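Chain residues, written in single-letter form:
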Protein chains: 2
Amino acid sequence: MAGMVDVAKRAGVSIATVSRVLNKSENVNEGTRLKILKAIKELKYRPSRVAKRLRSKDLPSYLLGVLIPDIQNPFYVDVLRGIEDIAYRNNYAIIMCNYGQDDKKEIMYLDILQAEAIDGLIAAPVNENDQRLKNLIHTGMPVVCVDRGLSGIDVDIVSVNNEEGAYNAVAYLIKSGYKRIAHISGLMSIPTSVMREKGYRRALEDKGIYQKDLVRYGNSFYDSGVKLCGELLDLPSPPDAIFAGNNLLTLGALETIHKRKKQIPNDIAIIGFDDMFWSSSLNPPLTAVRQPAYEIGKRAGELLIQRINDPRRPCIRMSMNTELMIRNSC
Amino acid sequence: MAGMVDVAKRAGVSIATVSRVLNKSENVNEGTRLKILKAIKELKYRPSRVAKRLRSKDLPSYLLGVLIPDIQNPFYVDVLRGIEDIAYRNNYAIIMCNYGQDDKKEIMYLDILQAEAIDGLIAAPVNENDQRLKNLIHTGMPVVCVDRGLSGIDVDIVSVNNEEGAYNAVAYLIKSGYKRIAHISGLMSIPTSVMREKGYRRALEDKGIYQKDLVRYGNSFYDSGVKLCGELLDLPSPPDAIFAGNNLLTLGALETIHKRKKQIPNDIAIIGFDDMFWSSSLNPPLTAVRQPAYEIGKRAGELLIQRINDPRRPCIRMSMNTELMIRNSC
DNA sequence: CTGAAAGCGCTAACAG
DNA sequence: CTGTTAGCGCTTTCAG
C-alpha cells in the first residue's frame, strides 16, 4: 500500500501539502492540488485511518460500536438497520457485537471497542446494573442505550412504552371477549419483560380477572415459547388467549399451537409483543404490538452522533409509542 | 486513558518491558512481571489496538469485514451468526457492512475496511463481476465469498448446491401430484437466482411439463413476492403449486395467499427456498429447502482465518448440500 | 533480563 | 502557499 510519502514524492511536494489536500484545507495552490490528486489516483493511495486515529485522539474514528443481545431476534435486526442507516449517512462504520447475554463475550467486545478507540456505542443492556457498561460511560465514552436503560446513571435512552403497549394489547383482548388471558413472559431480569408483565397484569386487574397461574416465565427465546405455550394448553382449563412477551416467544407459541392443530383465534387467540415485517404472512395474520424498531435505531444513531459532537449535551430519554397492529389472530 | 508510559513509570521499568509482558514474552523476571501486572490493574490500562496496528503491519488487527447485501434477510443473519461465532472464538471483531445492493455504500464500506487495515473479508457479492471486490483481492486482502463467487478469479467460496436444491424441491412437488408448478424468482443478475431457476426448469422439463408463463421474475424482496404471487393467482388457469426463490419471496407470497383466503396446500401449495428457524410457526408449517446458513458462515469464517494465517494456501471451493424440510405446505 | 531508540503513517503547529 | 518537525502509543532490534 502506497503511503503519503510516496504520493508526496511523486507529486514533488512535502507530505504536509498532501495532508492539506486530503483534509480539504483552503490554502493550497490549485496546480499543486491537481498534481497531488493525480498522484493519489495513480498510486491508488488510501489514507490510513489507523495512523490518523493514532495521531489525533480528538478526531473522530468514524467507528461506532453496537452491542446487542441477540441478532437472531428480528427486533434487533431492525434496530440495527436503523442505526446502520444513520451511521452510513454520517460516514460511520459499525462494529457489531452480538453478545448473546454471555458475560465473557461482552467483556471481550467492550475491550475491543475501547481499544479500537470507537467514537461511540449503542447498547441494549440485558440488565440495568451492567457495571461494565457503566464504567465505560464514566470513562467518557459516548453511549446511548436502546430498549432498556441503566440504573443510577444518566445516559441517553431511546425506548418504548412497554407497559402501555402491553396494557393496550391485553385490553383489546378483553374487549374482544376473551376471559382467560395467559401471558408468556421473557426473563424477569430484563426490564422490558417486567414492564410488559406489569401492563398485562394491570389490564387484567382493572377488570378483576387477573389469575397468576395463567402467567408463565421463561427466557426470551423461541424454545421457551414452545414449551410454555404447551404448559398453558395442558392446563385443566386452558386459556382462551395468549399474550406473548416478545416475538421469539410468539413464534415458539405458534409452533405449539399449530402442532396441536388448535385453530387461531377460535380455539386459542394470540397477540404478540413485537411486530415483524412478515406478520401478515402468518396464518392467520398476527395481531401484534408494534415497536418502531427501525425508528428506534435511527433515533439512537442520531442521538449518539449528537453526543459525539457535543459530549456535554444533557441526556435525553426518548420514549416512543407502540402501535397495536390489529390483524386476525384474536 | 492511561498509556504504556504511565504503566512503565508506575512499575518503575521501561516501556519495552511492559510491552514484553503484554506480549507474553518469556524473558521477563517474575518479580517485574508482577509489578507491571499490578500497575496495569491499578491504572486500568488497555493497550491501544490502533497504535499496535500502526506499528506492525504484519501483526493481525483482529478485525474482520463482513459485506452482505441484506441483513433483513434471515438467511444472512444466520450466516452472520456463524461468522461471528468463529470470529469470537478467534478473538476477532466484525465490521458489519450491509450494503443493500447500493453501489455507493459498497464503495464506502470497502474503503473503510481497507483504511482500517482489516485482516480479511467475507463477502456475498450480488454480482459475479464486482470489480471493486476483485481489485481488493488483487491487493492481497484475504477474502472468502459466501453464497456466490466472483467470475474469473480464484477465491475461497462456500456456497450451496442451489440447482440441486431447487431440482429436489420441484421434483418433490411433482411427485406429490402437482401439475402446474409456478416459480417466483429473484433477480436474474444474481447467480443463485439463475441456478435455482435452472433446477426448477430441469425438474419440470424432465417430466415435460415446463411452462414458461408460470415463472415470474422480480427482485429478491418481500414486495416482489406479494406482487408476483398475486399475478400468478390471477392467471386464467392459476398454478396449483409455487416454488419461491428465497425466503423473502416466500413470505411475500404467503401474505398474498392468506389475503385471498386460499387454503394451503389445497388451493395452492408452496415450497420455499431457504428455511427459517420459525418455519414451523407458519400455518401450515412450511416445507422448504434448507440451506445450512449458520454452517456456511462458520465454514467461511474458518476458511478466512486459515487464509489470513496462510495467504498462499490454494483456494478452496466448498459446496454444501441443501436439505428438503418436509412439512405441510405441499 | 532490561533499556534506549527508531520508526509505523499521519496531523498540526511553526517557520519560512 | 509550502516544508520541517514533533509526536500519537506501541513493537522491536540492538546494546548493555
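Residues numbered from 1 in each chain as written. Chains lettered and ligands numbered in written order. Predicted model: local features only at pLDDT ≥ 70, side-chain atom pairs only at ≥ 80, totals over all residues.

## Things to note about the overall build of chain A
Piece 1. Across its full length, chain A carries twelve helices and twelve strands.
Piece 2. Relative to the 2.2 N^0.38 estimate, which gives 20 Å for 330 residues, the radius of gyration of chain A is 25 Å and therefore markedly larger than a compact globule would have.
Piece 3. Buried positions account for 50% of the 330 residues belonging to chain A.
Piece 4. In chain A, the proportion of contacts linking residues at least 24 apart, taken out of those at least 6 apart, comes to 70%. (Helix = DSSP H or I, 4+ residues; strand = E, 2+ residues; numbered from the N terminus. Rg over C-alpha atoms; globule rule 2.2 N^0.38 Å. Buried ≥ 20, exposed ≤ 12 C-beta atoms within 10 Å, placed from the backbone. Contact = placed C-beta atoms within 7 Å.)

## Points about the relation of the copies chain A and chain B
Piece 1. With an RMSD of 0.1 Å, chain A superimposes on chain B once it is rotated by 180 degrees and translated 0.0 Å along the axis. What we have between these two chains is a two-fold relation. Minimal C-alpha distance to the rotation axis in chain A is attained by Ile95(A), lying at 2.2 Å.
Piece 2. Mapped onto chain B, 100% of the interface residues of chain A again fall at the interface, so both copies present the same surface. (Least-squares fit on C-alpha atoms with pLDDT ≥ 70 in both.)

## Some thoughts on the interface of chain A and chain B
Piece 1. Residue-level contacts link 40 residues of chain A with 40 residues of chain B.
Piece 2. Of all the secondary-structure elements, those providing two or more residues to the side of chain A that touches chain B are helix 4 (49-55), helix 5 (74-89), strand 2 (93-98), helix 6 (103-115) and helix 11 (247-259) of chain A.
Piece 3. Per element, the largest residue contribution to the side of chain A that touches chain B is six residues, and it comes from helix 6 of chain A.
Piece 4. Residue composition of the side of chain A that touches chain B, by class: 23 nonpolar, eight polar and nine charged.
Piece 5. Sheet analysis places strand 2 of chain A next to strand 2 (residues 93-98) of chain B, joined by three bridges and oriented antiparallel. Paired with Ile94(A) across the strands is Met96(B), a residue of strand 2 of chain B. (Nonpolar A, V, L, I, M, F, W, Y, C, P; charged D, E, K, R; others polar. Pairing = 2+ DSSP bridges.)

## Topic: the nonpolar core
Side chains of a nonpolar character, in soluble globular proteins, are inclined to be buried together.
Piece 1. With 96 residues, the main nonpolar core has Ile94(A) and Ile94(B) as its most contacted residues.
Piece 2. The contact partners of Ile94(B), leaving out residues within four places of it in the chain, are Ile95(A), Met96(A), Leu64(B), Val66(B), Ile83(B), Glu84(B) and Ala87(B).
Piece 3. Of all hydrophobic cores here, the second largest spans 84 residues; its members include Tyr167(A), Ile264(A), Tyr178(B) and Leu248(B). (Core = buried A, V, L, I, M, F, W, Y, C linked by C-beta atoms within 7 Å.)

## Let's talk about the sheet that holds strand 7 (residues 215-217) of chain B
Residues and elements named next belong to chain B.
Piece 1. Pairing in this open sheet of six strands is mixed, and the strands run 7-6-8-9-10-12 from one edge to the other. In this open sheet, the two strands that pair with only one neighbour each are strand 7 and strand 12 (323-325). Strand-to-strand, the axes of this sheet are offset by a mean angle of 15 degrees, without reference to chain direction.
Piece 2. The pairing of strand 6 (residues 181-185) with strand 7 spans three bridges and is parallel. Bridge pairing in strand 7 links serine 185 to tyrosine 217. (Axes fitted to C-alpha atoms, helices over the stretch in contact; angles between N-to-C directions.)

## Thoughts on unusual backbone geometry
Residues and elements named next belong to chain A.
Piece 1. Following isoleucine 264, the chain continues to proline 265 via a peptide bond in cis, the omega torsion being 0 degrees.
Piece 2. Looking at the secondary structure, you find proline 265 in the loop between helix 11 and strand 9 (269-273).
Piece 3. Between asparagine 283 and proline 284 the backbone carries a cis peptide bond, its omega angle lying at -5 degrees.
Piece 4. Looking at where proline 284 falls in the secondary structure, it is placed in the loop between strand 9 and strand 10 (287-290).
Piece 5. Despite not being glycine, alanine 117 shows a phi value in the positive range, around 60 degrees.
Piece 6. Locating alanine 117 in the fold gives a position in the loop between helix 6 and strand 3 (120-123).

## So, the domain arrangement of chain A
Piece 1. Domain parsing of chain A yields domain 1 (4-55), domain 2 (63-160 + 293-320) and domain 3 (162-290).
Piece 2. Computed over C-alpha atoms, the centres of domain 1 of chain A and domain 2 of chain A are 35 Å apart. (Domains from an automatic or database assignment.)

## Considerations on helix 11 (residues 247-259) of chain B
All names here are of chain B.
Piece 1. The terminal C-alpha atoms of helix 11, which comprises 13 residues, lie 18 Å apart, in line with the 18 Å expected from a rise of 1.5 Å per residue.
Piece 2. Of all 13 residues in helix 11, twelve are buried; the element is thus mostly enclosed.
Piece 3. Among the residues making up helix 11, those that are buried are Asn247, Leu248, Leu249, Thr250, Leu251, Gly252, Ala253, Leu254, Glu255, Thr256, Ile257 and His258.
Piece 4. Tucked inside the fold, the buried residues of helix 11 contact helix 5 (74-89), strand 6, helix 10 (222-234), strand 8 (241-244) and strand 9 (269-273).
Piece 5. Where helix 11 ends, the next residue or the one after it, lysine 261, has phi of about 60 degrees, a positive value. (Expected span 1.5 Å × (residues − 1).)

## Focus: the protein's contact with DNA strand D
Piece 1. The environment of DNA strand D is formed by 26 residues, the closest being Ala16(A), Asn29(A), Arg55(A), Met4(B) and Ala51(B).
Piece 2. Looking at the surface near DNA strand D, the elements with two or more residues in it are helix 2 (15-22) and helix 4 of chain A together with helix 2 (15-22) and helix 4 (49-55) of chain B.
Piece 3. Looking at side-chain class alone, the surface near DNA strand D contains 13 nonpolar, ten polar and three charged residues. (Near = placed C-beta within 6 Å.)

## Observations concerning the sheet that holds strand 8 (residues 241-244) of chain A
Residues and elements named next belong to chain A.
Piece 1. Strand order across the open sheet formed by six strands is 7-6-8-9-10-12, with mixed pairing between neighbours. Pairing within the sheet leaves two strands with one partner each, and these edge strands are strand 7 (215-217) and strand 12 (323-325). Taken pair by pair, the neighbouring strands of this sheet meet at an average axis angle of 15 degrees, ignoring direction.
Piece 2. Bridge count between strand 8 and strand 9: four bridges; the pairing is parallel. Note that in strand 9 the partner of alanine 241 across the bridge is alanine 269.

## Here we look at the protein's contact with DNA strand C
Piece 1. Not every one of the 26 residues close to DNA strand C is listed here, only the nearest: Met4(A), Ala51(A), Ala16(B), Asn29(B) and Arg55(B).
Piece 2. Those elements that provide at least two residues to the surface near DNA strand C are helix 2 and helix 4 of chain A together with helix 2 and helix 4 of chain B.
Piece 3. Tallied by class, the residues present in the surface near DNA strand C amount to 13 nonpolar, ten polar and three charged.

## Points about the pairing of strand 5 (residues 156-160) of chain B
The side chains of a regular strand alternate between both faces of the sheet.
Residue and element names in this part refer to chain B.
Piece 1. Burial runs high along strand 5: five of the five residues are buried.
Piece 2. Burial along strand 5 is two-sided: the face carrying Asp156, Val158 and Val160 and the face carrying Ile157 and Ser159 are both buried.
Piece 3. Summarising the sheet, strand 4 (residues 143-146) and strand 5 pair through three bridges and their orientation is parallel. Bridged to cysteine 145 within strand 5 is isoleucine 157.
Piece 4. Bridge analysis of strand 5 against strand 11 (residues 317-320) gives four bridges, and the strand direction is parallel.

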